[in-house]
Amino acid sequence: MKKWLRIIGVLLAIALTKACDYDLSFSPAQTNDIAFSSDTVYLDTVFTAIGSSTYNMRIYNQSDRNIEIGSIRLGQGSDSQFRLNVDGMHGQDFNDVEILAKDSIYVFIETTVDIKDYAANATEFLYNDQLLVDEHSVELITLVKDAIFLYPERENGFKEIIPLGTDDDGNEFGIEGFYLEDDELVFTNERPYVIYGYAGVSPEKTVRFEAGARIHFHDNSGLIAAQSSSVHVLGEQSADPELQEGEVIFEGDRLEPFFENIPGQWGAIWLTAGSTNHIFRHATIKNASVGILMDYNDETENPTLVLEQTQIHNSSAVGLWAKTGHVRAVNSIFGNAGNASFYGNIGGSYEFTHCTFANYWNRSFRSTPAVILNDYFPISETEDFIMPLEKAVFANCIIDGNQTVEFGVEQKGNEELSFALDHTALRFSPVDETIFENPYYDFSSSSLYPKLIMNKQTAFHQPTENDFRISQDSEVIGLGKSTHAAGVPLDLKGIDRTITPDLGALQHEVFEEED
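Residues numbered from 1 in each chain as written. Predicted model: local features only at pLDDT ≥ 70, side-chain atom pairs only at ≥ 80, totals over all residues. Heavy atoms only, no water.

Caption draft 1: The arrangement of the overall build of the protein chain in detail. A count of helical and extended segments in the protein chain gives 2 helices and 42 strands. For the protein chain, whose C-alpha radius of gyration is 30 Å, the value lies well above the compact-globule estimate of 24 Å for 515 residues. Projected onto the principal axes, the alpha-carbon positions of the protein chain cover approximately 95 × 60 × 60 Å. Looking at the protein chain as a whole, 50% of its 515 residues qualify as buried. Intrachain contacts of the protein chain at a sequence separation of at least 6 include 65% that bridge at least 24 residues. (Helix = DSSP H or I, 4+ residues; strand = E, 2+ residues; numbered from the N terminus. Rg over C-alpha atoms; globule rule 2.2 N^0.38 Å. Buried < 20%, exposed > 50% of the residue type's maximum accessible area, 1.4 Å probe, protein only. Contact = heavy atoms within 4.5 Å.)

In structure tokens form, the structure reads like this:
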């Protein structure tokens, strides 16, 4: 026992000696001791009165001594709209902050700014302050945008809902949202709009989105058109394709660059059964779960949905999902999606001229083709709801993607499906050739495939970045049928295509080769 006590005593003595050797004293920081990961922190753009993401920077101790920073504070003190977390402590003013030799600490920064407190009539305001670290300073900058906020009311602790139907027990169910008032049915380009929940268009009403309007949806939000209502998106050709000043843009409400191409940030534009006379012209719909969800049609001879110069990008599920829809589209792009770029589900009638269907989804595994046509929807384990595919015409189109098979057709009903790919490029090179047992993949059929252009190199510029311009190296240049092009003489960007029409929504461009 005494032996063990002597061993423990020796170990304690060694530990105490080591502790004494380790210097935990701190001296005041000198000017040259301190360095920063950045001399300016840009918090990107935020909407007024909406909190920013959290940004960070590091303060370094470059010296061989343990230092103590006398003061870390915001230049505007308690009046500042920035919030700090310094080495795990929240606040706006910190004293005697310690940093070990050759070590660093993190500073996390957030902000929430109400533009009306600084520029009552401005649509944008550059708000700035300084992070003061002893004698040093770091600029803090954020751009604040004014916006019109639309959201469901709350009553007795419950948010307003838009009723969708009743369950088997007769209980009403719905979706969190609200109906737009009459004075809210016109969306202008004066200020962006931020929508929480689903904004509903009441029966017999028409909502109009004017050229240049910017619509931002929060998570699980969207637009829903009730029976006999209409959605008119009336964008115009943009003089500057980068600014897209004439387009109407529907996207999420996160403005930071990181979220620019993140799918699934909001719900859908939902055109419910019985809604009618929908027009989307020069519109961009991006980062939704489903870009446009169309339930049935209005049972008239005219298309229920017309798409002109419209782009749908980065949908986490489907770009355009039409259930027994009646759609006419020209000069439109149906881009990357987690499942299908276009899903013509439960039959319907569709006409696509000079459209691009291109799915280069790379965020997860995708097993579905870019374009799917079928005549059914499962309603139980043993039963399907069936409606015939009356027509699906693809004229001067591109159907392409990063899979070997980008066109899917499936029939469960008794009526044959009616479709035609005329002067259309198709990506179809299956590994498993049993797929050709499906009679709808008889590419020698002149009724189904009047003029099929197989497995050509489309040479999109940057397809994973939603840039579906075709380059000078494309093999679909000049392959369009002139009679189809005559009905759509200008491409999506307003370029004449009548002399030598290329396939798809855009005429080819010449790009300089990168070194």
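Caption draft 2: Fine view of the sheet that holds strand S9 (residues 104–111). Pairing is antiparallel across the open sheet formed by 5 strands, whose spatial order is S2-S4-S9-S6-S7. Unpaired on one side and paired on the other, strand S2 (34–36) and strand S7 (89–91) mark the two borders of the sheet. Here the strands of the sheet are splayed against their neighbours by 25 degrees on average, with no regard to which way each runs. Relative to S9, strand S6 (residues 82–86) runs antiparallel, the two sharing 5 bridges. (Pairing = 2+ DSSP bridges. Axes fitted to C-alpha atoms, helices over the stretch in contact; angles between N-to-C directions.)

Caption draft 3: Geometry of the pairing of strand S26 (residues 278–286). The buried fraction of S26 amounts to 8 of the 9 residues, a majority that puts the element mostly inside the structure. Two elements, strand S24 (residues 248–252) and S26, share 3 bridges in a ladder whose sense is parallel. Bridging across to S26, Ile249 finds its partner in Thr284. Note: S26 against strand S28 (residues 305–313), 8 bridges, orientation parallel. Paired with Thr284 across the strands is Gln311, a residue of S28.

Caption draft 4: A look at the side chain of Asn345. Mapping Asn345 onto the fold places it in strand S31 (residues 340–353). Given a relative accessible area of 0%, Asn345 falls into the buried group. Setting aside anything within four residues of it in sequence, one finds Asn345 in contact with Trp321, Ala322, Lys323, Thr324, Tyr350, Asn374, Tyr376 and Phe377.

Caption draft 5: Region of the structure containing the side chain of Asp491. With respect to the helices and strands, Asp491 occurs in the segment after helix H2 (482–487). Comment: no salt bridge for buried Asp491; closest opposite-charge side chain is Arg497, at 5.2 Å. One polar contact links the side chain of Asp491 to the main-chain amide nitrogen of Lys493, over a distance of 2.9 Å. A polar atom in the side chain of Asp491 sits 2.7 Å from the backbone nitrogen of Ile495. Asp491 has contacts with Asn331, Arg497, Ala505, Leu506 and Gln507, leaving out every residue within four places of it along the chain. (Lys, Arg positive; Asp, Glu negative; His and termini not counted. Salt bridge = Lys/Arg side-chain N within 4 Å of Asp/Glu carboxyl O. Polar contact = N/O pair within 3.5 Å; in protein donor to acceptor, adjacent residues only side chain to side chain.)

Caption draft 6: Broad picture of the pattern of salt bridges. Counted according to the given criterion, the structure contains 19 salt bridges. Between Asp33 and Arg65 there is a salt bridge whose closest N-O contact spans 2.3 Å. Remark: Arg65 occurs in the loop between strand S4 (55–61) and strand S5 (67–74) and Asp33 occurs in the loop between strand S1 (27–28) and S2; sequence separation between them is 32 residues. Of the residues examined, Asp33 reaches a relative accessible area of 8% and is grouped as buried. Residue Arg281 pairs with Glu308 through a salt bridge whose shortest N-O separation is 2.9 Å. In this pair, Arg281 sits in strand S26 while Glu308 sits in strand S28, placing the two residues 27 residues apart along the sequence. On the basis of relative accessibility, which here comes to 29%, the residue Arg281 falls in the partly exposed class.

Caption draft 7: Just the packing of aromatic side chains, in detail. Using the criterion set out here, one finds 32 aromatic pairs in the structure. Aromatic pair Phe209 and Phe250: ring centres 5.1 Å apart, planes at 75 degrees, arrangement edge-to-face. In this pair, Phe209 sits in strand S20 (residues 206–210) while Phe250 sits in strand S24, placing the two residues 41 residues apart along the sequence. What makes Phe209 buried here is its relative accessible area of 1%. Overall, Phe250 belongs to the buried group, its relative accessible area being 0%. Cation over ring: Lys323 sits above Trp321, and NZ or CZ is 4.8 Å from the ring centre. The ring centre of Phe377 lies 5.5 Å from the NZ or CZ of Lys323, which sits over that ring. (Phe/Tyr/Trp six-rings, centres within 6.5 Å; stacked < 30°, edge-to-face > 60°. Lys NZ or Arg CZ within 6 Å of the ring centre and 35° of its normal.)

Caption draft 8: Fine view of the pairing of strand S23 (residues 230–234). With 4 of 5 residues buried, S23 is to be regarded as a mostly interior element. Of the pairings in the sheet, the one linking S20 to S23 comprises 5 bridges and is parallel in character. Directly across from Thr206, in S23, lies its bridge partner Ser230. When S23 meets S26, the two strands line up parallel, connected through 3 bridges.

Caption draft 9: Spatial organisation of unusual backbone geometry. Even without being glycine, Asp87 reaches a positive phi, approximately 50 degrees. As for its placement among the helices and strands, Asp87 is situated in the loop between S6 and S7. What makes Asp87 partly exposed here is its relative accessible area of 46%. Even without being a glycine, Tyr296 presents a positive backbone phi close to 65 degrees. Position of Tyr296 among the secondary structure elements: in the loop between strand S27 (288–295) and S28. The class of Tyr296 is partly exposed, set by a relative accessible area of 30%.

Everything listed is a geometric property; what it means functionally is a separate question.
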